[in-house]
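Residues per chain, in single letters:
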Amino acid sequence: MTKYDYDLFVIGAGSGGVRAARLAAQLGLKVAVAEEDRPGGTCVLRGCVPKKFMVYASEVSEQVHYAQGFGWKDASTGAFDWNSFRTTNNAELDRLSQIYTANLVKAGVEVIAAHAAFKDEHHLILTTKQGGERVVSAKTILIAVGGWPFLPQHCPGVAEHGLTSNDMFNLPELPKSLAIVGGGYIAVEFAGIMHGLGVDVTLLYRGQKILRGFDDDVRDHLASEMALRGIKIRTQLDPVHLKKTDEGQKSQMLITMNDGSTMLADQVLYASGRKPKTEGLNLDAIGITPDVHGAIPVDSFSRTSHKHIYAIGDVTNRMNLTPVAIREAVAFVETAFKDNATAYDYENIPTAVFSQPQIGTVGLTEAEATEKGIAYDVYQTRFRSMKTAFIGGESRIYMKLIVDQKSDVVLGVHIVGGEAGEIIQIAGVAVKARLTKAQWDATCAVHPTAAEELVTLKDKRAV
Ligand SMILES: Cc1cc2nc3c(=O)[nH]c(=O)nc-3n(C[C@H](O)[C@H](O)[C@H](O)COP(=O)(O)OP(=O)(O)OC[C@H]3O[C@@H](n4cnc5c(N)ncnc54)[C@H](O)[C@@H]3O)c2cc1C
Ligand SMILES: NC(=O)c1ccc[n+]([C@@H]2O[C@H](COP(=O)([O-])OP(=O)(O)OC[C@H]3O[C@@H](n4cnc5c(N)ncnc54)[C@H](O)[C@@H]3O)[C@@H](O)[C@H]2O)c1
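Thresholds applied
The residue count restarts for each chain, going from 1 along the sequence in the order it is written. Note on labels: chains are lettered from A, ligands numbered from 1, in written order. Residues qualify for local features only when their pLDDT is at least 70, as the model is predicted, and side-chain atom pairs are given and counted only at 80 or more; totals for whole chains, interfaces and linings, by contrast, use all residues. To get the side-chain values, all heavy atoms of the structure are used, and hydrogens and water are removed first. UniProt positions are given in the numbering used here, feature names are shortened, and annotations may be inferred rather than shown by experiment. Strands are runs of DSSP state E lasting at least two residues, helices are runs of H or I lasting at least four, and both sets are numbered from the N terminus onward. Helix span, as expected, comes to 1.5 Å for every residue beyond the first. Only protein chains enter the calculation, and the probe is 1.4 Å; a residue is then buried if its accessible area is under 20% of its type maximum, exposed if over 50%, and partly exposed in between. The criterion used for residue contact is that any of the two residues' heavy atoms lie within 4.5 Å. Within 6.5 Å between ring centres, the rings of Phe, Tyr and Trp (the latter by its six-membered ring) count as paired, and their orientation is classed by plane angle as stacked under 30 degrees, edge-to-face over 60, tilted in between. Lysine and arginine charges are scored as sitting over a ring when NZ or CZ, respectively, is within 6 Å of the ring centre and within 35 degrees of the ring normal. Bend is the name given here to the angle between axes fitted to two runs of seven residues, the run ending at a residue and the run starting at it. We call a residue near a molecule or strand as soon as one heavy atom of that residue lies within 4 Å of the molecule or strand. Under this definition, polar contacts are N or O atom pairs within 3.5 Å; protein pairs additionally need one hydrogen-donor-capable and one acceptor-capable atom, and for neighbouring residues in sequence, both atoms have to be side-chain atoms. Only the protein chains shown count as cover for residues, and all accessible areas are computed by the Shrake-Rupley method using a 1.4 Å probe.

The chain appears in an unreviewed UniProt entry as Glutathione-disulfide reductase from Asticcacaulis benevestitus DSM 16100 = ATCC BAA-896. For the record of the chain, the UniProt heading Sequence similarities (unreviewed entry) holds the text "Belongs to the class-I pyridine nucleotide-disulfide oxidoreductase family."

Think of an α-helix as 3.6 residues a turn; residues three or four steps apart then line up on the same face. A rise of 1.5 Å per residue sets the reference length of helix 9 (residues 322-337), with its 16 residues, at 22 Å; its end C-alpha atoms lie 22 Å apart and thus fit the reference within 8%. Residues of helix 9 that are buried: V324, A325, E328, A329, A331, F332, V333, E334 and T335. Close packing links the buried residues of helix 9 with strand 1 (6-11), helix 1 (15-26), strand 6 (133-143) and strand 16 (309-311). Note on helix 9: the residue one or two positions beyond its end, D339, has a positive phi of about 55 degrees.

This part takes up the packing of aromatic side chains. Under the criterion given, the structure shown has nine aromatic pairs. Considering the side-chain rings of W82 and F85, the 5.8 Å spacing of their centres and the 25 degrees angle between planes classify their relative orientation as stacked. Within this pair, W82 and its partner F85 are both found in helix 4 (residues 82-106), separated by three residues, close to a single helical turn. The pair W82 / F85 is uniform in exposure class, with both members buried. Members of the aromatic cluster, joined through ring pairs, are F80, W82 and F85. Its end group placed over the ring of Y6, K30 keeps NZ or CZ at 5.1 Å from the ring centre. The aromatic ring of Y66 is capped on one face by K387, whose charged end is 4.8 Å from the ring centroid.

Turning next to helix 12 (residues 420-432). For helix 12, spanning 13 residues, the distance from its first C-alpha to its last is 17 Å, which sits close to the expected 18 Å at 1.5 Å a residue. Maximum bend of helix 12: about 30 degrees, positioned at I426. Within helix 12, the full set of buried residues consists of A420, G421, I423, I424, A427, G428, A430 and V431. For helix 12, the elements touching its buried residues are strand 17 (351-353), strand 18 (359-363), strand 21 (410-416) and helix 13 (437-442). The first or second residue beyond helix 12 is R434, which carries a positive phi of 60 degrees.

By nearness alone, 20 residues border ligand 2, and G183, I186, E189, N320 and A352 come closest of all. A distance of 2.9 Å is found between an oxygen atom of ligand 2 and a backbone nitrogen or oxygen belonging to I186. The separation between an oxygen atom of ligand 2 and a polar main-chain atom of G273 is 3.4 Å. Protein chains shield 79% of the accessible area of ligand 2, which is 830 Å² for the free molecule.

The structure is reproduced here in structure tokens:
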């Protein structure tokens, strides 16, 4: 009989925590998970899933545009009913959260609705919403508390008036105009979503080019495609003040920029990054100090400075994606309970940005290849898809392969347009398997598709 209440206690029932708890319980361990909100976490309740539903809703306006070009002369979107969408969306999220809970319970995990904080290295204080408090003990503890939107401190008015991605799924009504501050995943995804829903969108980014860290050609291509669709992108601007005005018929936000200029928008979305959610965990009690980004430092086995306390997912700020949190959970269970120390391999993780058009990317960017001193060739194409050409549209798909000159291995694949998110999953297999350009080319094309370009690229671009 163990001297602890639980073999494993997981803090946070999000993507990483749920997978770890279920896998550990399936090994016959006594497992509990504390969740202060509802099971599901960011991805299910305020991230990937509701965001993708909003992407689907917003794409309809472009589909109608295509429908008209394809002969459906009377095609029209009609009026978008935000209330109806929101109700269905919330019902679907309820259903998914319940499935998460049911799967945990089925695996034998005790699901506790409470906030967890450390008392000491083996004890946690659980506080319910009603204020009830109890202490539990665990032999092994997994911190999987995720992250939370970060609001810049230098801009008065942001805390009162700025929206975050958390707010976007339950807005009381759609704004007519929206300013989005930031140039990362969330900024460009919501720019596409809100534009598609008929909102006048302006993206304000303090740098020169949106999507820092992505391949430069991808950044340029997406920016030009967003502009083509009618999204205004204003770079090298940083709001320094937000004020609610009551001029005119209704209140708006007056945004003052660092260059002294101003603009008005109904609402302002701050997509200025996220921070690990370590506040309230009482990490001081166990002598763990978050790093400068607020993340819990861990080794390659997700182990903290205590050998029985691990952390996975966004709270460790390694690669903040749902499938990564899940893979880290699997590696944690192998390491902690199956005597099989497993370090997750972060190389060549494919990712998609659900902007409009989408981005799919895996492997090295040109800048990364250069930085590593690799001699590489670039194969690229920019073309109008059959569908776009048919309606006389201007939108173009961009595809790029970065190939190692020495080994012919395809080191990076970057796609903007079409179903880039779907295509990159399979391209990711080829890049992870280190297939050569010759092997890509030996694969027969699927015709007529956009993806066939990836196996027919012939011309090297001057590097
Ligand atoms: C708008 C948005 C869109 C996104 N889209 C995508 C996408 O398309 N694809 C993708 O791969 N990733 C996407 N992500 C990222 C993805 O959601 C995260 O990487 C993933 O959810 C991280 O999982 P996690 O387990 O680390 O944390 P989370 O899923 O955030 O789970 C942490 C859980 O811990 C709970 N918790 C926190 N503190 C405590 C405490 N002290 N006690 C008890 N419970 C606590 C929280 O309530 C939460 O439920 C998106 C994120 C956002 C914000
Ligand atoms: N499709 C997906 O897989 C997906 C979608 C959304 C989010 N995510 C994950 O969630 C993470 C967080 O997304 P995100 O868009 O919030 O973060 P991000 O790190 O991608 O982008 C943050 C943006 O905010 C800007 N910024 C930072 N500080 C600022 C400040 N003080 N003032 C103004 N701008 C500032 C940055 O320059 C950057 O453009 C992503 O990095 C990604 O890992 C993934």
